[in-house]
Amino acid sequence: MTNRLIRRHAITLYPESARVILRPFIPSSPTLVSAIIGRTLALTEEEAVAALGDLRKEFASRHIDIDTALLAHYEKVSGQIFTQKELTQTRRLLIGALFSGEYAIESAALFNPSIVAHPDQSGIPSGALRFAMSLRATGEGHISSIEFRTGIVSKEGSVSLDPASEHLAPPEIVPNPGYNKRSFALKFREMGFDNNCSRAVMDPLSDQFTRLELERSVEAVRRGNRTPEDDQEGTLDCVKWLADSNYELRFPANLAMSERIIFPVSSNESNGIEDARFVRFVEDDGEATYYATYTAYNGRAILPQFLETKDFLHFRVITLNGNAVQNKGMALFPRRIDGRFAMLSRQDDENILIMFSDNLHYWNDPQIVMRPAEIWESVKVGNCGSPLETPEGWLVITHGVGPMRKYCIGAMLLDLQDPTKIIGRLREPLLSPEGSEREGYVPNVVYSCGSLLHDGKVILPFAMSDKATTVSSIPLNELLETMRSQI
């Protein structure tokens, strides 16, 4: 049994309901909003000061900077304040609090981990590796976001996690992000909005432009009404949707990795950012960038999205283009192959496919590389993150779904020069849910979104039944030998 290769480490990350952020809590009725504001304005200043003091005693210790969040929520309703009298800071904070609510980011689940080498490897023991782990955190309403943890893999292969902060903080949404004109034009074409109106918006813009420049161009087209034969408002709504779906985030440099939370921003991910697969991608010149593919979910439809960062402080979120941008499980190879980018995916909800591209954000023409073969994967197969490069080939950790919707983890080996060819494959599961791993939100599931190699070992974090997360490791040479013997 290949399960014997697995070493389960004594690490379990359970969901913690005390880790909260502040979210807007604003009624949909403008009349109700005005009524709430009116009751606050009717308070004396002394009453307002006392109420804010009580609120701070109860909630301030649960947040890194509660005032900034309360003032941001105040601004969301400030247009409905029916007095021209200048409000005190106390009154603004209290109004903001009335339109705020705590959200427990991971109250339901903390699962589907991905792991990469940390960008900062200073100050660790010789032969050790510092890692960054992403996790899918799910709270009320099944809304998912991305959390992070850090830790160390020792030279001997032991794994330890750094203590997680009890606080969380969302990033600043960069107010005037930059965009690529060619990518915008490709997406318009895919969505059926390649028309005179979209061209009138895009033509005055440079190859790289900002959100402010885009908004000015949109307003010029709207005022001029120069494209009456097109669905002008539909096209301009598409422009806004696309701009909203491509954004930038920035965390303060002094914020610990475990305090950073990437919560849904755009409408196409309003119900969740799911299953981020991070990879440390190294260009031919040696420059490293961290990329992640994830599934954006709006409650009705899913959309693969792309995230990039160099330091886990500044992130760019980007829509992908091409007829292969669909379904789940896109996973980027960690380097170019013959000058081209390569990506695994699951287009048909059954097989693992591979595709190549000259453009990191444009994917077409996938081909099947692996089909279900064994009973434990006979429903469907998929990847468990980006391939790992070994001297023997590209190691792909896979998952298979079999009878009773049981998820197991397997592996295959692809040719280094031609990764469309399978040169090794496990016929038995590498990892099956056992004991308490079977119990959770979705029972009988083990699943991962990414692993790494260190000193001859595969470090594989995995989720247990869509609830909690643990970490395992596998000797690389023994795994490769088993795969070669089972092909």
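To keep things clear, this report deals only with the structure shown in the data block.

Applying the stated criterion across every chain, the model contains 35 salt bridges. Between E478 and R4 there is a salt bridge, with its nearest N and O atoms 3.9 Å apart. Here E478, found in helix α9 (residues 476-486), pairs with R4, found in the segment before β1 (7-13); they are 474 residues apart in sequence, far enough to count as distant. A relative accessible area of 38% means that E478 is categorised as partly exposed. For E283, the salt bridge identified is with R336, shortest N-O distance 2.9 Å. Remark: R336 occurs in the loop between β16 (328-332) and β17 (341-346) and E283 occurs in the loop between β12 (272-282) and β13 (288-297); sequence separation between them is 53 residues. For E283, a relative accessible area of 24% translates into the label partly exposed. Connected through salt bridges with shared partners, the residues R19, E106, E147 and R149 form a single ionic network.

This part covers empty space enclosed by the protein. One pass over the full model with this rule turns up two cavities of 30 Å³ or more. Taken as a whole, the largest cavity spans an internal volume of roughly 70 Å³. Every residue along the wall of the largest cavity is listed here: E274, D275, R277, T293, Y294, T295, P304, Q305, N327, K328, G329 and M330. Looking at the lining of the largest cavity residue by residue, the classes come out as three nonpolar, five polar and four charged. In terms of lining residues, the second largest cavity is bounded by A108, A109, F111, T138, H142, Y441 and D466. For the lining of the second largest cavity, a count of residues per class yields four nonpolar, two polar and one charged.

Right, let's get into the packing of helix α7 (residues 211-224) against helix α8 (residues 232-245). Interaxial distance between α7 and α8 falls to 11 Å at its minimum, and their mutual angle equals 175 degrees. The pairing of α7 with α8 is recorded here as roughly antiparallel in orientation. When α7 is examined against α8, the residues R211, L214, V218, V221 and R222 are found in contact with a partner set consisting of Q232, E233, L236, V239, K240, A243 and D244. Classifying every residue of the contact of α7 with α8 by side-chain character gives six nonpolar, one polar and five charged.

Turning our eyes to something else, we now look at the layout of surface pockets. Looking at the largest pocket, its volume works out to about 940 Å³. Around the largest pocket, the lining is made up of 29 residues, and of these L22, A69, H73, P170 and P171 lie nearest the centre. Contributions of two or more residues to the lining of the largest pocket are made by β2 (20-24), α3 (66-77), β8 (172-173) and β11 (247-250). Each residue belonging to the lining of the largest pocket can be placed in one class, and the counts come to 20 nonpolar, four polar and five charged.

It is the contact of α3 with helix α4 (residues 89-98), at a shortest axis distance of 7 Å, that shows an interaxial angle of 80 degrees. One finds that α3 runs roughly perpendicular with respect to α4. Judged by residue contacts, D67, L70, L71, H73, Y74, E75 and V77 of α3 engage Q89, R92, L93, I95, G96 and A97 from α4.

What counts, and where the lines are drawn
Residues numbered from 1 in each chain as written. Predicted model: local features only at pLDDT ≥ 70, side-chain atom pairs only at ≥ 80, totals over all residues. Heavy atoms only, no water. Salt bridge = Lys/Arg side-chain N within 4 Å of Asp/Glu carboxyl O. Helix = DSSP H or I, 4+ residues; strand = E, 2+ residues; numbered from the N terminus. Buried < 20%, exposed > 50% of the residue type's maximum accessible area, 1.4 Å probe, protein only. 1 Å grid on protein atoms, 1.4 Å probe; cavity = no way out; pocket = protein on both sides within 12 Å on 5 of 7 lines; lining within 4 Å. Points joined across faces, edges and corners; volume = space filled by probe spheres on them. Nonpolar A, V, L, I, M, F, W, Y, C, P; charged D, E, K, R; others polar. Axes fitted to C-alpha atoms, helices over the stretch in contact; angles between N-to-C directions. Parallel < 35°, antiparallel > 145°, perpendicular 65-115°, else oblique. Contact = heavy atoms within 4.5 Å.

On their own, these measurements won't tell you what the molecule is for.
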